[in-house]
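Chain and residue survey
Single-letter residue listing:
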Amino acid sequence: MTRGRGIRRSAALAVALGLGPLSGSLVAGPAGAEEKEGPSVRWGTCPEDVAAEAAPVVLECGTVPVPKDYANPDGGRIELMISRLASTDPDKRRGTLMLNPGGPGGSGLSQPAFLANRGIPSEVLDTFDVIGMDTRGIGRSAPVACGFTPEGPYFANIPPYAVDDAAVTARAKVVKKVAEQCAERDKDGVLPHLTTANTARDLDRIRAALGEERTSFLGYSYGTALGAAYASMFPERSDRIVLDSNIGDTHLDRDGMRRFALGVEQTFPDFARWAAARHDSYGLGRTPAEVRRTYFTLAERLDEKPVDGFDGGMLRQITFSFLFKEVQYSKLAQLWQTMKSGGDAKDLRTLVARSGPADQGDGTADTPPSLDNQLSVFLAVTCNDVKWPTSVDTYRKGVAEDRARYPMFGAAAANILPCAFWPYARAGKPVAIDDDGPRNILLVQNLRDVPTPHLGGKLLRQKFADRSRLVSVDDSGHGVYVYGANPCALNTTTRYLVDGKMPKMDALCPAG
């Protein structure tokens, strides 16, 4: 492996991000399809790697069969693997709390233990059997793979920064081949059935298999889209729903992707203030404005002269990913410092490898599915859920607009995706938000969040109307409940999950 490829491999692990966030119809399937009760789950020992991730918590695992295609429920089945951290207090147990870590493409089998080990209140663990899972296409649930590698041209869910129109045109040729590659490798025909709607139907099959009349749900990032879809498709089977770090709808579309650039602009000042206060240590600027200028200086220098494969686009993507949590700021500052001082490729490769963000607050545990699997699921769900523009000119125009509007990251977030050439095009529409149902949806959102800016929470609040309440948190980072340190947000969310006490009005949790 060349030194450039080594940097590429390490950086790929740092920026393979999803929300993050399908051929069956995205509207309801055949009459009665969702009503059919599934078999009960036979619980047993979890796979060895899942058990190792969960330790010292011990989880049980089992499988639930679901139709591959809900439009043809007799046309074949796939097996979904789920996990359980069971309540040990029968007097307090209310039911099940299903989890989703985000993505789409994040494995959730070890997530119940991940939250328990991170300190989720024991009252929540008493109230619910906490259910994790690999949703369809992920990990041990009929996994899909397009054949992506860190050395290949497609190694991250976020498009590379396009320095000019020609870069968009060049990227269009790459992503067209990526879309074709996914179709060629889909030998089992699972890829077109990876949709948020089908995954929501899967949740209802799991609910039935667990013998529950209703289920509660806690979803992070893209998991908010899945939770919003479930609460809309099955409002009377939804119990207590918490959607944390919202993308703004039941799907990730081009507008949602472009909001990543808004998130960077809103969150970067927190890092800039942090770095400016530590200028004597890192030398990145004595004021936030100087730190911002350092960002552009480094990126433009690497645009003109990459360091053994590490270019300005890579710097921008790694900065994007390391803004997810303040705990990553020192690693990002160290990386910038090495670049600023003219560090060589070996130094950069070592830093990137050492700084891979194992926990970015999107609910994933430390050992995700393969990079190939993550990227493939992200593409399938994102491209299948909603129709994307097909004209390269549309993306060139968007990149030019967002390069000016959001100079730090706009020309990346607006760049073209394989969705423009996705072969599984359908006339179906994404799941529509249903505001006619129980008032049971608590939205939790940081004011500053890179992939899911606060606007996503406000959008979903408007769409769910009186079914929901929005708790805004004066904090920075991706992930609020348990992942953040705000006591007001923790207490409000725990009170709702345990006692069902929804805030009477939208609320703002002050910094603290």
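As shown above, the structure is provided for reference.
Residues numbered from 1 in each chain as written. Predicted model: local features only at pLDDT ≥ 70, side-chain atom pairs only at ≥ 80, totals over all residues. Heavy atoms only, no water.

Further remarks concern the nonpolar core. Considering soluble globular proteins, one finds that nonpolar side chains tend to be buried as a cluster. The biggest cluster of nonpolar side chains holds 114 residues, and the ones touching the most others in it are Phe268, Phe271, Trp336 and Trp422. With sequence-adjacent residues up to four places away left out, Phe271 is seen in contact with Leu284, Val291, Leu323, Tyr329, Leu332, Ala333 and Trp336. In this structure, Ile120, Leu218, Val480 and Val482 belong to the second largest nonpolar core, which totals 35 residues. (Core = buried A, V, L, I, M, F, W, Y, C linked by side-chain atoms within 4.5 Å. Buried < 20%, exposed > 50% of the residue type's maximum accessible area, 1.4 Å probe, protein only. Contact = heavy atoms within 4.5 Å.)

What follows covers the state of the cysteines. Inspection of every chain in the model, using the stated rule, returns four disulfides. Numbered in order of appearance, the disulfide-bonded cysteines of the protein are paired 1-2, 3-4, 5-6, 7-8. (Disulfide = S-S within 2.5 Å.)

Turning our attention to the packing of aromatic side chains. By the definition in use, this model includes 18 aromatic pairs. Pairing Tyr295 with Phe296 gives two aromatic rings, centres 5.3 Å apart and planes at 80°, and the pair type is edge-to-face. Exposure remark for Tyr295: the relative accessible area of 1% places this residue in the buried category. In this structure, Arg254 is placed above the aromatic ring of Tyr395, and the distance from its NZ or CZ to the ring centre is 4.8 Å. (Phe/Tyr/Trp six-rings, centres within 6.5 Å; stacked < 30°, edge-to-face > 60°. Lys NZ or Arg CZ within 6 Å of the ring centre and 35° of its normal.)

Through backbone hydrogen bonds, the strands of a sheet pair up, either in parallel or in antiparallel fashion. What the ten strands build is an open sheet, ordered E1-E2-E3-E5-E4-E6-E7-E8-E9-E10; its pairing is mixed. Looking along the sheet, the strands with just one partner apiece sit at the ends: strand E1 (44–45) and strand E10 (507–509). Against the sheet, helix H3 (residues 111–118) contacts strand E3 (77–85), strand E4 (95–100), strand E5 (128–133) and strand E6 (215–220), and its axis sits at roughly 95° relative to E4. (Pairing = 2+ DSSP bridges. Helix = DSSP H or I, 4+ residues; strand = E, 2+ residues; numbered from the N terminus. Axes fitted to C-alpha atoms, helices over the stretch in contact; angles between N-to-C directions.)

Our next topic: helix H5 (residues 165–185). Its 21 residues give H5 an end-to-end C-alpha distance of 31 Å, which sits within 8% of 30 Å, the value for a rise of 1.5 Å per residue. Of all the positions in H5, only Val168, Arg171, Ala172, Val175, Val178, Ala179 and Cys182 are classed as buried. Taken down its axis, H5 places every buried residue within 130° of arc, on the same side. Seen from the open side of H5, the exposed residues pointing more than 90 degrees away from its buried face are Ala166, Lys173, Lys177 and Glu184. Against helix H14 (371–385) and helix H15 (392–405) lie the buried residues of H5. Taking the backbone nitrogen of Ala166 as reference, a side-chain oxygen 3.2 Å away marks Asp164 as the first, capping residue of H5. (Expected span 1.5 Å × (residues − 1). Arc of directions from axis to C-beta. Polar contact = N/O pair within 3.5 Å; in protein donor to acceptor, adjacent residues only side chain to side chain.)

Okay, the side chain of Thr492 next. Looking at the secondary structure, you find Thr492 in helix H18 (residues 487–499). Classification of Thr492 as buried rests on a relative accessible area of 11%. At a separation of 2.8 Å, a polar atom in the side chain of Thr492 contacts the main-chain carbonyl oxygen of Cys488. With sequence-adjacent residues up to four places away left out, Thr492 is seen in contact with Leu442, Val471 and Pro503.

When two helices pack together, their arrangement is given by the angle between the helix axes and the distance between those axes. Running from amino to carboxyl end, helix H10 (residues 288–304) crosses helix H12 (residues 329–340) at an angle of 55°, the nearest separation of the two axes being 11 Å. The orientation of H10 relative to H12 falls into the category oblique. Here H10 runs over H12; the crossing is left-handed. Facing H10, whose interface residues are Val291, Thr294, Tyr295, Leu298, Arg301 and Leu302, H12 presents Trp336, Met339 and Lys340. Residues that form the contact of H10 with H12 fall into these classes: six nonpolar, one polar and two charged. (Parallel < 35°, antiparallel > 145°, perpendicular 65-115°, else oblique. Left-handed = near helix turned anticlockwise from the far one by under 90°. Nonpolar A, V, L, I, M, F, W, Y, C, P; charged D, E, K, R; others polar.)

Moving on, we come to the pairing of strand E2 (residues 60–67). Counted residue by residue, E2 has six buried out of eight residues, so it is predominantly covered. Note: E2 against E3, eight bridges, orientation antiparallel. Bridging from a neighbouring strand, Thr63 pairs with Met81 of E3.

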